[in-house]
Each structure stands twice: as structure tokens, then as C-alpha cells.
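# Fold and geometry: a report
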Amino acid sequence: MDQVTMRSDTVLSDVHLLLPNARHLMTRLNSAGQAVFVSKFRILGVEEEQVEAHWGRSPKDEATIEHPLLDDDGDLDVERRPMDVASDRDSVHPVILSLAAEVKSNEDDVDEESSIKNVIRVEHTMATPLEDVGKQVWRGALLLSDFILSQHAVFQGATVLELGAGTGLTSIVMASVAKMVYCTDAGEDLLSMCQRNVSLNKHFIGPAAEHGLKVRQLDWTTDDFPSDVDSEFGWSEDEVVQLHDNARFLIAADVCYDDDLTDALFRTLYQITSNLHNPSTTYFCLEKRLNFTLRHLDVSCEAYDHFRHCLDQLASLSNGRMRFTVTPVLCSFPQFFEYERVDQLELWKVSASPL
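Residues numbered from 1 in each chain as written. Predicted model: local features only at pLDDT ≥ 70, side-chain atom pairs only at ≥ 80, totals over all residues. Heavy atoms only, no water.

By the naming in an unreviewed UniProt entry, the protein goes by Methyltransferase like 22 and is assigned to Electrophorus electricus.

On to the layout of surface pockets, then. Of the voids in this model, the largest pocket is the one considered here, and its volume is about 1,200 Å³. Surrounding the largest pocket, 49 residues form its lining, Leu130, Val133, Asp254, Cys256 and Tyr257 being those nearest its centre. When contributions to the lining of the largest pocket are tallied by element, the ones reaching two or more residues are α6 (169-175), α11 (259-275), β10 (280-287), β11 (291-293) and α12 (302-315). Residue composition of the lining of the largest pocket, by class: 24 nonpolar, 11 polar and 14 charged. (1 Å grid on protein atoms, 1.4 Å probe; cavity = no way out; pocket = protein on both sides within 12 Å on 5 of 7 lines; lining within 4 Å. Points joined across faces, edges and corners; volume = space filled by probe spheres on them. Helix = DSSP H or I, 4+ residues; strand = E, 2+ residues; numbered from the N terminus. Nonpolar A, V, L, I, M, F, W, Y, C, P; charged D, E, K, R; others polar.)

Right, let's talk about the pairing of strand β7 (residues 180-185) for a bit. The buried fraction of β7 amounts to 6 of the 6 residues, a majority that puts the element mostly inside the structure. Here β7 shows two buried faces, one formed by Met180, Tyr182 and Thr184 and the other by Val181, Cys183 and Asp185. One ladder, built from 4 bridges, connects strand β6 (residues 159-162) with β7; its direction is parallel. Opposite Thr159, over in β7, you have Met180 as the bridge partner. This β-α-β element, β6 to α6 to β7, shows right-handed connectivity. Note that β7 and strand β8 (residues 213-217) share 5 bridges and pair parallel. (Buried < 20%, exposed > 50% of the residue type's maximum accessible area, 1.4 Å probe, protein only. Pairing = 2+ DSSP bridges. Right-handed = clockwise from strand over helix to strand, strands pointing away.)

Summed over the entire model, instances satisfying the criterion amount to 11 aromatic pairs. Ring geometry for Phe147 versus Tyr283: centroids 4.9 Å apart, planes at 55 degrees, classification tilted. Of this pair, Phe147 sits in helix α4 (residues 139-150) while Tyr283 is found in strand β10, placing the two residues 136 residues apart along the sequence. Of the two residues, Phe147 and Tyr283, both sit in the buried class. A network of ring pairs unites the aromatic residues Phe147, Phe155, Phe249, Tyr283 and Phe333 as a single cluster. (Phe/Tyr/Trp six-rings, centres within 6.5 Å; stacked < 30°, edge-to-face > 60°.)

Sheet architecture is open: 7 strands sit in the order β8-β7-β6-β9-β10-β14-β13, paired in mixed fashion. The strands lining the two open edges of the sheet, one partner per strand, are β8 and β13 (322-329). The sheet shows a mean angle of 20 degrees between the axes of neighbouring strands, taken without regard to direction. As paired elements, β6 and strand β9 (residues 247-253) share 4 bridges and run parallel to each other. Each bridged residue has a counterpart across the sheet, and for Val160 the counterpart in β9 is Phe249. Packing of α12 onto the sheet brings it into contact with β10, β13 and β14 (345-354), and relative to β14 it is tilted by some 20 degrees. (Axes fitted to C-alpha atoms, helices over the stretch in contact; angles between N-to-C directions. Contact = heavy atoms within 4.5 Å.)

What follows covers the pairing of strand β4 (residues 119-125). Burial runs high along β4: 7 of the 7 residues are buried. In β4, alternate side chains face the same way, and those of Val119, Arg121, Glu123 and Thr125 on one face and Ile120, Val122 and His124 on the other are all buried. Sheet topology note: the strand β3 (residues 35-42)/β4 ladder contains 7 bridges and is antiparallel. Within β4, the position partnered with Phe41 by the bridge is Ile120.

What follows concerns the environment of Asn319. Positionally, Asn319 belongs in the loop between α12 and β13. Overall, the relative accessible area of 43% leaves Asn319 in the partly exposed class. For the pair Asn319 and Leu355, spaced 36 residues apart in the sequence, the C-alpha separation amounts to 9.7 Å.

Below, the discussion takes up the side chain of Thr282. Looking at the element boundaries, Thr282 is found in strand β10. Residue classification places Thr282 among the buried residues on the basis of a relative accessible area of 2%. Dropping the residues within four chain positions of it, Thr282 is found in contact with Leu250, Leu269, Thr273, Trp348, Lys349 and Val350.

Here Ala127, not a glycine, exhibits a phi torsion of approximately 55 degrees, which is positive. Within the secondary structure layout, Ala127 lies in the loop between β4 and β5 (128-129). Backbone geometry places Asp254, a non-glycine residue, at a positive phi of 50 degrees. With respect to the secondary-structure elements, Asp254 resides in the loop between β9 and α11.

Here the focus is α4. The end-to-end C-alpha distance of α4, which contains 12 residues, comes to 17 Å, matching closely the 16 Å that a straight helix rising 1.5 Å per residue would cover. Judged by how many residues are buried, α4 sits mostly within the fold: 11 of 12 residues are covered. For α4, every residue scored as buried is listed here: Arg139, Gly140, Ala141, Leu142, Leu143, Leu144, Ser145, Asp146, Phe147, Ile148 and Leu149. (Expected span 1.5 Å × (residues − 1).)

In this structure, Leu144, Tyr283 and Phe337 are the most contacted members of the largest nonpolar core, which totals 48 residues. With 7 residues, the single largest contributor to this core is α4. Residues within four places of Tyr283 in sequence aside, it is in contact with Leu144, Phe147, Phe155, Phe249, Leu250, Ile251, Ala252, Val329, Leu347, Trp348 and Lys349. Formed by 35 residues, the second largest nonpolar core is a distinct cluster that contains Ala247, Leu269, Tyr270 and Met322. (Core = buried A, V, L, I, M, F, W, Y, C linked by side-chain atoms within 4.5 Å.)

This brings us to empty space enclosed by the protein. Remark: the empty space left among the atoms is shown by a probe the size of a water molecule rolled over them. This structure, assessed with the given rule, holds 3 cavities of 30 Å³ or more. Considered as a void within the structure, the second largest cavity measures approximately 60 Å³ in volume. Around the second largest cavity sit Leu218, Asp219, Thr222, Asp223, Asp224, Phe225, Thr268, Gln271 and Ile272, which together line it. Of the residues assigned to the lining of the second largest cavity, the class counts are 3 nonpolar, 3 polar and 3 charged.

As C-alpha cells, then:
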């Protein structure tokens, strides 16, 4: 394979940068000529016997547990590139319920690995231009997945719509809990990747892989659900009706990096929630990214600032049709995936109800 050329607009997710090389396996080139990898994401188990075996005590004694998987900064101790300067961030103390079963590092055992319940295999690309960042896995998707797994009772049996699903990781995790999940994004190549990821993880999703998780096209710049019967990812009339009748949750992870797309996202959110027959709750997860800009000659978070502006506008709407309530969610829930839960990760809850 030719050496990958890094352009000025090339971006690489920290998730892939810090994931041990043994968890990456290149499988093919996609239609855009990009290298496609399959990476393994272990989920830390929740069985009490595993916790007692590792720590010698019950999770009921959580207050007395010493967390052996935390490094000196209080972060999850995973393999990462050495850092010359110690971080001065505040300590973060995720609650780890137990160690997962060890995953074999031999890539020849892919079929055996695929049947392990606590391993999710995700097809993705790396080092993409900005317009293809949805083909990578980002920390926001892992934080939102943690939240879903920690709120099993809340999402159990629900109908859920994910906006900007990217590789589909969060939809796959949600489908292991919810009754119906619509995994949506735009672009044939990206949606095909989502569909392959659904097939790769039938062992984790269970029965929902066949009927309860549907990959569908949803372009925020258009005003309706595409119903092209010739498209694999088009919506049927019954699906649109079912969504409007039953959906109670919408989710989105790390989708606010372009102001125009963020505006389109909030227009789509307003349109969909206004047509739902039940009050709904939307969870936004994103990472606040600091960048030095020539325009400000200072560090700024322009994409994040615009997202917060849109949240404020939504909460202040007074058109007499819908009421939106915006609240931050503390990220103190258990951590089920191996990643660095940095302070810049945020989770927001938007409750929508008709007046």
C-alpha cells in the first residue's frame, strides 16, 4: 500500500491514535480510495463474579474500591504515546465495574473473537479530510455509549433515532438495549459502512440486528425523509409513521464541527421533535476542542461556541408550539470503554414537549 499523505485538512481521532496497534486490522479500500480498518472495542463487564474475582469484593462496596486501572492523573490507564509534560488537568475518576475477558491479539482468530459478547468490532477509516470525519470513531461516541449502558432501564424497549451516526457505534450499543433504533447519516459510502458494522456485531446486538436496527439516510439540509424505494437506505412510509408514533429519544455524538451543519442539525431536530406524538429527549455528546485561530490570535472553541448558541436559541423559543428545556448531564456515570474521559467531553439533555 502507498504511504498515506497527510494534507493540511487531515484529521485523526485520538481514539484511533491511542488504541493499541493490535486492535487495528486493515481490510480494504473504500470507493474513495481510503484505507478501511476494523478495530476492536472491549466493553468492561458488569457481572458481580468478575468484579469480586478482580478486586476481591462486591460492587456493592464501591466506596471502598481502589481503582487499579487509573493512572497518576486519575485517567483510565490505557496504552498511549509517552507524554513529555505531565498533565495539570483535574483528576477524573470513572467507575470501572470489572475487567472484560482478555481478547486474543492474534488477528487470525477474527471469527472466534466476533462471538465474544463484550467485543464490538467497528469498521472505520483513519486520518480523513474534514468532510469524512464521520468515518472515524470519536470519544463523544464512546462517552454516549457509556451513558446508554449505564442507563439501561431508561432506554429499554424504547424507539430511538440517532442523528449523524457515523460508523454506527453508538446505535449498535443502543440497539442492545432499545426496541428499535434508526441509525441515520448521509452518503452512500458511510451508510454502507454502518450497515457492515451492524452485520459485524450481530452477536452483541442480538435479535435487534435483524429487525430492530435500521440504517437510513437522513440529510439535515433537506426537509423530509428520503423515500426512494430503489435505495437500500430509503425510508418506507410505515417507518416514518412508526418513528413519529413511538420515538421518545434522539441521540447525537460529536456532530458539531461545522457551523452550517450545526444550524442544519438544530433545524432538523426542531422539525422532527415537533412531529413526534410523544414528548422526547435528545442527548448531545461532544468534545470541546481548543484551537488557536489567526482571527482571534488566541485559543478559541468556535464550533463549540456556536453549538452553545444554538442550544440557547432552542431553549428560548417562544413560538407557542414547542417547549425545549436544556440541561447539562454530569459525566459521573460508569465507564465501560477504554478511552481517556477528558474534561472537555460534555453531555447535554434537551427535553421537548408540545405546549
